[in-house]
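# A structural walkthrough
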Amino acid sequence: QHTLRDERLVTKQRFETNCPEVLDLLRAAVAANTEVSYKARGDTPIDALIVQKEELRGAGGQAARFRRFLNLALAKRGLGSFIKADSLVQRLASVAGIISAGVLHIKDAGKIGTMWCSKGTQVAKLGNYFYPALCRYLGCDQMKLLKPNSDHNTRMAGNHTQWTLVESRAMQWSHSTGGDHLSKIGCEAVLLHSVREGHCTGLPDNFELSDYIASYDPAKYFKPALPQKALAHMYVHLNKRSPESAWRDFADLSEFIVRFPHRFLTPVGRFMVPLLILTRDNAHGVSTLATRYCAIVFAKLHGLYYLNVISEEAGQSRRLAHEGVCGAASRGLTGLSFDLPINAPDQADEATTRWAEDDLQAQVVSKFPVTYKTGDAEDGLVSGEVPRSTLLVSGFVWLSSAQGAALLEAFQKGRASTFFSTAQLPAMEGFEYPGGLQAFFTECWTMLNTTGVMGCTKACEHQFEYKFNPSNPLCVPPEPELEEGLASFEDFLSLNTVEGKRASDWTKGDGFLAQPLPSKRRELKYCDLVERLERGGATAVDEWYPKLMLDDLLRRQPMLLRLFTDNHHSLPEMHRGKPLRGALCSLLCVTELALHAELAERVAKEEYKTLYEEMKTRQEEDGTIGYVSAIVERLIGKPADARHGWPNITHLKETIKALPGKVKIPTSAKRAVLIQLIALTWRDLPESERPRGRANTPAVPRAPPPRRQMEQELIKGADAPAVDASALAAAHAANDEVAAAIAATPSPLSDAVTDAEEAEEAEAEEATLRAEAEAAEALVETALAVVTDTCQICQRRVDVQRLRWDATRWSNVCKDDSACVPLADTGRKRARRQEGSYAQLAGKSK
């Protein structure tokens, strides 16, 4: 073994030449201790061992955390402490080809709802294709964050240094010189899709929509608007000031319309198009309340007749066209040099840092336009600008992300009046609306929550629609000159076809875009437009969404997952004499690969639930909870009136924030996960770096009840010895009479306050249950990984206490040999040849 204590011991020597066994040992230890990747997805320019950033959590700086990780990897192999100095970490990791990065894991297998969501997007595109004179199709998404990074070897002049932009999730050893203190760059891509005659998928040859919908006239709604070329634009945000949110995205869309108004005008009358279709990624899709509310504000602000916001299935939005705009900007910006008037942001004050960030933002914008030739772009370029540089004609100013979140919270709790009277909203002097800004936002909230005959919205899993309802006075009416075209579009939405084209099962739609329906003519496919026009469009909300159908099926048949695992992660063709796999694929309209991938993911969630329960039990038995409770009490104090179950999640998160260094709090983590994270982080901290904390915090005094208060006043009086039971009884009776009189007095606000309090308590309880359910469904793998590991024989992730070290395999294996079944014996993977080679076989054949 080689023990490297100081860099001076290896001065003028090359590790590759003099200590090759050290590098091999280090690479083997890292490869066996973490899930690493070689040149993962082409993000790294070299063949390197990628240690995921989640593995480097804990206290201390980057060098200390990297050294701790490497020593832990070697300690698990029985080698003890190997690297003694932080100064060696950078050189060792660089020579051994070990880097840290945030590797994006994307499963190649399609999701179970991919085809369903794709068909919904395709139908929406057809609406834009047939009505280009009235409709526009937009896509928006933020590209990967770009982080400013400086080079120590760059020649500095005065107070200037050269900076480059690199992807924040693919960082090598940091030379940022405080670059973490500068804001990351978030570029929001907005793409206006093109419309060209004949360039549309999902239509048969010589198809004419007028053969099915009598009100459709291509000479009015199709040909006058052609050709429409694509338009790509980007808004360069400072992510620290304006992070990605629904409020920021819709503000960019409003500014995009005002920035390029000629692209959103109708051929006749020169009005703004009344129909708009928008595609967003699933992470900020239609499932959030902020997106739906902002869509209503956007539609009311621009006077839209119909707005459709669509999101693809999780992990599938990378196939959308606007992702190409992000790729073009990434190629044009990554690695470029920027000269900033600052070389140490971590030592600069706030004013200097903001000045440098503004300068960086301006220099990034100056690099536009960049080349973009896909998608029939208007000029083959992507333009860019600083957001909010173009004011809206109406004078409206979109709220920030924090202000928007506070507004929605006030609406949910019934405190909107208090919010508008206390919040510091942006000045909108030119925005004139009857009733003011409060009336505008309140009407949008009312429109979002109105149902029945006055409803104007339809919310689905991956789609949110707004459509003008003449019965609702809050909806903005369309221009009279556009009513004829809008009536034809209504026939397209309702699939109101002519006589003779309807099949026997024809049903009228619900006035909104028809949802995907399984085809009767093609196996494992959804209806195309021709079949849908003939069959009709009425379906319940998400009636044929396969993910919800599978959820309902597993609730009624829980043995399906056990049957899947017992059959080596596949469903049998027949079960109890009846077809199973084929029937289930036909019912859900999915392929076998997608069905098995979805079931495997659900089985993995069940396994993590089991591991989580085991972790909770182990913490109760080995005293981890008491150990962490003492740490929490030392750092943030313990209330004198702490109840059973202390510390709760709030106290645990405050404790994590009080720990030195960068300790990342897992998203939606439950209590046991946070306890385990605190215990492991505190264990790795040296005694000299552990904070002392503060004293216990006293309990918050509570006001005694009125009856008890009167008793204390009588007892503390001057004639306290003369107080008898009659005096106390008289005081109680007087108090009861006053309370009865107060209760009998009618109050116009009592019922409203009681209802609001009950609604708030019910909402808080529901939010708590929902958060616990989401945390149980999506347990934090990064926190569980510290107490689990993978057996190299059966490839199952199990508790570390059930594993033992196998020196022959140089990895962990299960202690119970009878329960450890090799992966090759399950039929899922071909067994590797233990002896001989193909070269020897070729020699024998000769």
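Here the structure is shown first, and the text comes after it.
Since we're looking at a predicted model, the values are computed, not measured. (Residues numbered from 1 in each chain as written. Predicted model: local features only at pLDDT ≥ 70, side-chain atom pairs only at ≥ 80, totals over all residues. Heavy atoms only, no water.)

### Details of the overall build of the chain
A tally of regular secondary structure across the chain gives 27 helices and 20 strands. By the burial criterion, 43% of the 846 residues in the chain qualify as buried. In the chain, the proportion of contacts linking residues at least 24 apart, taken out of those at least 6 apart, comes to 71%. Of the roughly 43500 Å² of accessible surface on the chain, a fraction of 52% belongs to carbon and sulfur atoms. (Helix = DSSP H or I, 4+ residues; strand = E, 2+ residues; numbered from the N terminus. Buried < 20%, exposed > 50% of the residue type's maximum accessible area, 1.4 Å probe, protein only. Contact = heavy atoms within 4.5 Å. Areas by Shrake-Rupley, 256 points an atom, 1.4 Å probe, with all protein chains shown as cover.)

### Quick notes on helix H20 (residues 624-635)
Relative to the 16 Å expected for 12 residues at 1.5 Å per residue, H20 spans 17 Å between its end C-alpha atoms, a close match to the ideal helical length. Of all the positions in H20, only Thr624, Val628, Ser629, Ile631, Val632 and Leu635 are classed as buried. Down the axis of H20, the buried set is contained in an arc of 160°. They therefore lie on one face. Packed against the buried residues of H20 are helix H19 (592-622), helix H21 (649-658) and helix H22 (671-684). Taken from the residues just after H20, Gly637 is the one with a positive phi, measuring 85°. (Expected span 1.5 Å × (residues − 1). Arc of directions from axis to C-beta.)

### Brief notes about the packing of helix H11 (residues 401-413) against helix H13 (residues 436-449)
For the pair H11 and H13, the least separation of the axes is 12 Å and the interaxial angle reads 65°. Crossing of H11 over H13 shows right-handed handedness. Here H11 contributes Leu407, Leu408, Phe411 and Gln412 to the contact with H13, which in turn contributes Phe441, Thr442 and Trp445. Among the residues forming the contact of H11 with H13, the class breakdown is 5 nonpolar, 2 polar and no charged. (Axes fitted to C-alpha atoms, helices over the stretch in contact; angles between N-to-C directions. Left-handed = near helix turned anticlockwise from the far one by under 90°. Nonpolar A, V, L, I, M, F, W, Y, C, P; charged D, E, K, R; others polar.)

### Brief notes about the packing of helix H7 (residues 246-259) against helix H8 (residues 289-302)
Running from N to C, H7 and H8 cross one another at 20°; their axes reach a closest spacing of 9 Å. Judged on the interaxial angle alone, H8 and H7 are roughly parallel. Considering the relative orientation of H7 and H8, their crossing is right-handed. Mapping the contact onto sequence places Ala246, Trp247, Phe250, Leu253, Ser254 and Ile257 in H7 and Ala290, Thr291, Tyr293, Cys294, Ala295, Phe298, Leu301 and His302 in H8. (Parallel < 35°, antiparallel > 145°, perpendicular 65-115°, else oblique.)

### Here we look at empty space enclosed by the protein
One pass over the full model with this rule turns up 4 cavities of 30 Å³ or more. The calculated volume of the largest cavity comes to roughly 100 Å³. Lining the largest cavity are 13 residues, and of these Trp116, Gly120, His462, Gln463 and Pro516 lie nearest its centre. Looking at the lining of the largest cavity, the elements with two or more residues in it are helix H5 (114-130) and strand E9 (306-311). Per element, the largest residue contribution to the lining of the largest cavity is 4 residues, and it comes from H5. Of the residues in the lining of the largest cavity, the class split is 7 nonpolar, 6 polar and no charged. (1 Å grid on protein atoms, 1.4 Å probe; cavity = no way out; pocket = protein on both sides within 12 Å on 5 of 7 lines; lining within 4 Å. Points joined across faces, edges and corners; volume = space filled by probe spheres on them.)

### With respect to the pairing of strand E3 (residues 135-142)
Each regular strand displays side chains that alternate between the two surfaces of the sheet. The element E3 is largely enclosed, with a buried count of 8 among its 8 residues. Neither face of E3 is left uncovered, since the one carrying Cys135, Tyr137, Gly139 and Asp141 and the one carrying Arg136, Leu138, Cys140 and Gln142 both have all their residues buried. Here E3 pairs with strand E8 (residues 275-280) via 5 bridges, running parallel. When the bridges of E8 are listed, Arg136 appears paired with Leu276. Across 5 bridges, E3 lies against strand E6 (residues 185-192) in antiparallel orientation. Directly across from Cys140, in E6, lies its bridge partner Val190. (Pairing = 2+ DSSP bridges.)

### Quick look at the packing of aromatic side chains
What the rule picks out here adds up to 35 aromatic pairs. Between the NZ or CZ atom of Arg259 and the centre of the ring of Phe260, over which it lies, the distance is 5.0 Å. (Phe/Tyr/Trp six-rings, centres within 6.5 Å; stacked < 30°, edge-to-face > 60°. Lys NZ or Arg CZ within 6 Å of the ring centre and 35° of its normal.)

### Description of the state of the cysteines
Throughout the structure, instances matching the rule amount to 0 disulfides. Cys140 forms no disulfide, and the closest cysteine sulfur to it belongs to Cys326, at a distance of 9.8 Å. Looking at Cys140, the relative accessible area reads 2%, which means it is buried. Not engaged in a disulfide, the cysteine Cys814 finds its nearest cysteine sulfur in Cys791; these two sulfurs lie 3.6 Å apart. (Disulfide = S-S within 2.5 Å.)

### Focus: the pattern of salt bridges
In total, this model carries 25 salt bridges according to the counting rule given. A salt bridge links Arg690 to Glu687; its shortest N-O distance comes to 3.2 Å. The exposure class of Glu687 is exposed, given its relative accessible area of 56%. Shared partners join several salt bridges into a network, and the residues in it are Glu188, Arg248, Asp249 and Arg280. (Salt bridge = Lys/Arg side-chain N within 4 Å of Asp/Glu carboxyl O.)

### Thoughts on unusual backbone geometry
Note that the residue after Phe368, namely Pro369, is joined by a cis bond; omega there is 5°. Relative to the assigned elements, Pro369 resides in the loop between helix H10 (350-366) and strand E11 (370-371). Between Trp646 and the following residue, Pro647, the backbone shows a cis peptide bond with an omega angle of 0°. Secondary-structure assignment places Pro647 in the loop between H20 and H21. Unusually for a residue other than glycine, Leu524 sits at a positive phi of about 55°. Its location among the elements puts Leu524 in the loop between helix H14 (483-494) and helix H15 (529-535). Backbone geometry at Asp542 places phi at a positive 55°, although glycine is not the residue there. Since its relative accessible area comes to 9%, Asp542 is described here as buried.

### Examining helix H16 (residues 546-556)
When we look at burial in H16, the residues that qualify are Pro546, Met549, Leu550, Leu553 and Leu554. Projected down its long axis, H16 shows its buried positions confined to an angular sector of 135°, all on one face. For H16, the exposed residues lying more than 90 degrees away from the buried face are Arg555 and Arg556. The inward-facing, buried residues of H16 abut H5, helix H17 (559-566), helix H18 (581-588) and H19.

### Considering the nonpolar core
Of all hydrophobic cores here, the largest spans 88 residues; its most connected members are Phe130, Tyr293, Phe396, Trp398, Phe441 and Phe492. Sort the elements by how many residues they give to this core and H8 lands first, with 8 residues. Setting aside chain neighbours within four positions, we find Phe130 in contact with Leu203, Phe207, Leu209, Tyr216, Tyr221, Phe222, Phe492 and Leu529. Leu146, Cys187, Ala328 and Phe368 belong to the second-largest nonpolar core, a separate cluster that totals 31 residues. (Core = buried A, V, L, I, M, F, W, Y, C linked by side-chain atoms within 4.5 Å.)

Taken by themselves, the reported measurements are silent on function.
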